[in-house]
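Residue-level listing of the chains:
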Amino acid sequence: MTTDFPFDPPYKLAIDSPAGKRWVEVLADGSQVDTTPPATTLPPPGTQVDNAPRGGSGGGGPGSGAPSKAQAFLNVPFAEKDEAKRLGARWDPARKKWYVPNGVDAAQFSRWAV
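Every value quoted in this text rests on a predicted model; they were computed, and no experiment measured them.

S.K.: So, the overall build of the protein: which residues are in play, and what are the values?
M.R.: Assigned secondary structure in the protein consists of one helix and six strands. Counted from the first residue to the last, the protein has its helices and strands arranged as β-β-β-β-α-β-β. Buried positions account for 15% of the 114 residues belonging to the protein. Of the contacts formed within the protein by residues at least 6 apart in sequence, a portion of 37% connects residues at least 24 apart. A total of about 8700 Å² of accessible surface is found on the protein, and carbon and sulfur atoms cover 55% of it.

S.K.: With reference to specific residues and values, describe the confidence of the model for the protein.
M.R.: The pLDDT averaged across the protein works out to 74; a share of 66% of its residues lies at or above 70. Per-element mean pLDDT across the protein ranges from 80 in strand β1 (residues 11–17) up to 90 in helix α1 (residues 81–87). Considering only residues more than four positions removed or in separate chains, one finds that residues 53–70, a stretch of pLDDT under 50, has ten contacts.

S.K.: Can you lay out the sheet that holds strand β6 (residues 97–100) for me, pointing to particular residues and giving the numbers?
M.R.: The strand order across the open sheet formed by three strands is β4-β6-β5, and the pairing between neighbours is antiparallel. Only two strands of the sheet have a single partner each, and these edge strands are β4 (72–74) and β5 (90–92). Ignoring strand direction, the axes of neighbouring strands in this sheet form an average angle of 45°. Here three bridges tie β5 to β6, and the two strands are oriented antiparallel to one another. Residue pairing in the sheet places Arg90 in a bridge with Tyr99 of β6.

S.K.: For the nonpolar core, give the residues involved together with the corresponding values.
M.R.: If you look at the biggest cluster of nonpolar residues, it comprises eight residues: Leu74, Val76, Ala84, Ala89, Trp98, Val100, Phe109 and Trp112. Apart from the residues lying within four places of it in its own chain, the contact partners of Trp112 are Leu74, Asn75, Val76, Pro77, Glu80, Glu83, Ala84 and Leu87.

S.K.: I'd like a description of the sheet that holds β1, backed by residues and values.
M.R.: Across the sheet, three strands lie side by side as β1-β2-β3; this open sheet has antiparallel pairing. With partners counted over all chains shown, the strands left at the sheet margins are β1 and β3 (32–35), one partner each. Strand-to-strand twist in this sheet, taken as the mean axis angle between neighbours without regard to direction, amounts to 40°. Of the pairings in the sheet, the one linking strand β2 (residues 20–26) to β3 comprises four bridges and is antiparallel in character.

Parameters at a glance
Residues numbered from 1 in each chain as written. Predicted model: local features only at pLDDT ≥ 70, side-chain atom pairs only at ≥ 80, totals over all residues. Heavy atoms only, no water. Helix = DSSP H or I, 4+ residues; strand = E, 2+ residues; numbered from the N terminus. Buried < 20%, exposed > 50% of the residue type's maximum accessible area, 1.4 Å probe, protein only. Contact = heavy atoms within 4.5 Å. Areas by Shrake-Rupley, 256 points an atom, 1.4 Å probe, with all protein chains shown as cover. pLDDT = per-residue confidence, 0-100. Pairing = 2+ DSSP bridges. Axes fitted to C-alpha atoms, helices over the stretch in contact; angles between N-to-C directions. Core = buried A, V, L, I, M, F, W, Y, C linked by side-chain atoms within 4.5 Å.

Below you can see the structure in the form of C-alpha cells.
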C-alpha cells in the first residue's frame, strides 16, 4: 500500500516500530534519515506563556493584578473552519476542538461559543 502525501519532500514522519515510535525525515530523493521530532510552533492549549513585555508600570507579570484570560473552546462547523482560523482561532488536535488563544478577543467568536 502506498501513501500519497499532499506535500512534497522533505518532511518528517513518525513511524511506529516494535522498538517504539521513531521519527524519520523523508528527503527529496525518497530516502529516509532518522531525525528528531519536529518543533512545535504553538504551546499546548491551556499553557500560559507570558514572555512578552506589557505596557504600564505594573509589568503585567504574576501578582500584577491582571488575571490571565483562560482560552475558550469553540463549536466550529467544518464548513466555517477557515473563517474561525482567519479570525485567530487555533485547532487543538488532542481535544479535536477549536479554541481562542490567550490574547485574542473572544467576542468575535461568540456565535461558536460552547
